[in-house]
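# Descriptive analysis of the structure
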Amino acid sequence: HVRSRRQRQMCIRDSRNNGWVIWLTFAIGLLLSVSPMPQFMEVFRPMWLALLVSFWTLAVPNKVGMTTAFVLGLAEDVLYGTLLGQNALILTLITFLVLSLQQRLRMFPMWQQSLVILVIFGIAQLIQLWLSALTGNRLPTLALVWSAVISALLWPWISFALRDLRRRLHIN
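All figures in this text were calculated on a predicted structure; none of them were measured in a lab. (Residues numbered from 1 in each chain as written. Predicted model: local features only at pLDDT ≥ 70, side-chain atom pairs only at ≥ 80, totals over all residues. Heavy atoms only, no water.)

## Topic: the overall build of the protein
This is how the line gets drawn: What counts as a helix is a DSSP run of H or I of at least four residues, what counts as a strand is a run of E of at least two, and both are numbered from the N terminus. The buried label applies to any residue whose accessible area, calculated with a 1.4 Å probe on protein chains only, is under 20% of its type's maximum; exposed applies above 50%, and partly exposed to all values in between. A contact between two residues is defined here by any heavy atoms of the two lying within 4.5 Å. Per-residue accessibility takes into account occlusion by the displayed protein chains alone, with areas from the Shrake-Rupley method and a 1.4 Å probe.
A tally of regular secondary structure across the protein gives 8 helices and 0 strands. In sequence order, the protein lays out its α and β elements as α-α-α-α-α-α-α-α. Within the protein, buried positions represent 41% of all 172 residues. Relative to all contacts within the protein whose residues are 6 or more apart in sequence, the contacts with residues 24 or more apart total 68%. Of the accessible surface of the protein, which amounts to about 10,200 Å², a share of 68% is contributed by carbon and sulfur atoms.

## Overview of the environment of Trp111
Relative to the elements of secondary structure, Trp111 occurs in helix 7 (residues 110-135). Separated by 41 residues in sequence, Trp111 and Ala152 place their C-alpha atoms 9.3 Å apart.

## Focus on the nonpolar core
What counts is decided by this rule: Residues belong to one nonpolar core when they are buried, are Ala, Val, Leu, Ile, Met, Phe, Trp, Tyr or Cys, and are joined through side-chain atoms within 4.5 Å.
Counting 36 residues, the largest nonpolar core has Phe26, Trp56, Ile94 and Phe121 as the members making the most contacts within it. Residue assignment for this core shows that the elements contributing at least two residues are helix 2 (19-34), helix 3 (48-59), helix 4 (66-80), helix 5 (86-100), helix 7 and helix 8 (145-169). The dominant element in this core, judged by the number of residues it contributes, is helix 3, at 10 residues.

## Observations regarding the environment of Ser114
Looking at where Ser114 falls in the secondary structure, it is placed in helix 7. If we skip the residues at most four places from it in the chain, Ser114 touches Ala152, Trp155 and Pro156.

## What about the confidence of the model for the protein?
Let me state the cut-off plainly: Known as pLDDT, the predictor's per-residue confidence is scaled from 0 to 100.
Looking at the protein, the pLDDT average stands at 89 and 88% of residues meet or exceed 70. Mean pLDDT per element in the protein: helix 1 (residues 2-17) is the minimum at 55, and helix 3 is the maximum at 97.

## Examining helix 2
For clarity, the cut-off: To estimate how far a helix should reach, multiply one less than its number of residues by 1.5 Å.
Under the 1.5 Å per step criterion, the end-to-end length of helix 2 is 24 Å for 16 residues, consistent within 8% with the ideal 22 Å. Buried within helix 2 are the following residues: Gly19, Val21, Ile22, Thr25, Phe26, Gly29, Leu30 and Ser33.

## Considerations on the packing of helix 7 against helix 8
Short version of the rule: Lines are fitted to the C-alpha atoms to define the axes, a helix being fitted only along its stretch in contact, and any angle between axes, read from their N-to-C directions, falls within 0 to 180 degrees. Angles below 35 degrees are treated as roughly parallel, those above 145 as roughly antiparallel, those between 65 and 115 as roughly perpendicular, and all remaining angles as oblique. Here is the rule for handedness: rotate from the far helix to the near one, and if that takes an anticlockwise turn smaller than a right angle the crossing is left-handed, while a clockwise turn gives right-handed. Residue type decides the class: Asp, Glu, Lys and Arg count as charged, Ala, Val, Leu, Ile, Met, Phe, Trp, Tyr, Cys and Pro as nonpolar, and the leftover types, Gly among them, as polar.
Between helix 7 and helix 8, the least distance of the axes is 8 Å, while the angle of their chain directions is 135°. Between helix 7 and helix 8, the crossing angle belongs to the class labelled oblique. As for the relative orientation of helix 7 and helix 8, their crossing is right-handed in sense. Residues Met110, Gln113, Ser114, Ile117, Leu118, Phe121, Gly122, Gln125 and Leu126 of helix 7 form the contact with helix 8, whose own contacting residues are Val145, Ser147, Ala148, Val149, Ser151, Ala152, Trp155, Pro156, Ser159, Phe160 and Arg163. Within the contact of helix 7 with helix 8, the residues separate by chemical class into 12 nonpolar, 7 polar and 1 charged.

## Structural notes on the environment of Ile120
The topology assignment puts Ile120 in helix 7. Spatially, the C-alpha atoms of Ile120 and Val98 are 7.9 Å apart, while their sequence positions differ by 22 residues. Contact partners of Ile120, with chain neighbours within four places excluded, come to Ile94, Leu97, Val98 and Leu101.

Below, the structure is given as structure tokens:
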């Protein structure tokens, strides 16, 4: 009994100290979102940061929420050189939708989660398209929705990989 109690206490202590892993995945997501790609493949770039924020919002909503999404969105705005607050708004909207559907999403099988992620990211991309058209930064084209499709296809792999990482490092 003493050994199992000590192990539980160690796991609790370890889980408090592993919050840096979440931020490391966000940093990797930011790097992936600005990594160079051929011009013709740019419309197929996954929404890396949105995928990571969505996963961590589902997994640990007490640590990752709308404030985290807003701060990361501002960082994305600075990296992309877009209108300050544009990506912050989109990422916060995605996080709000994931949080509002959190209990249902956790119960869905992976293919249904991917469909819900597709709808959420599709809505976010359409709002991004609308904002870009309003500011005159980009020609309005529905090719932007491809990144939502690619992200939804990547969701099962990202989810499984991060779930395994979460279990190994006892992130709660």
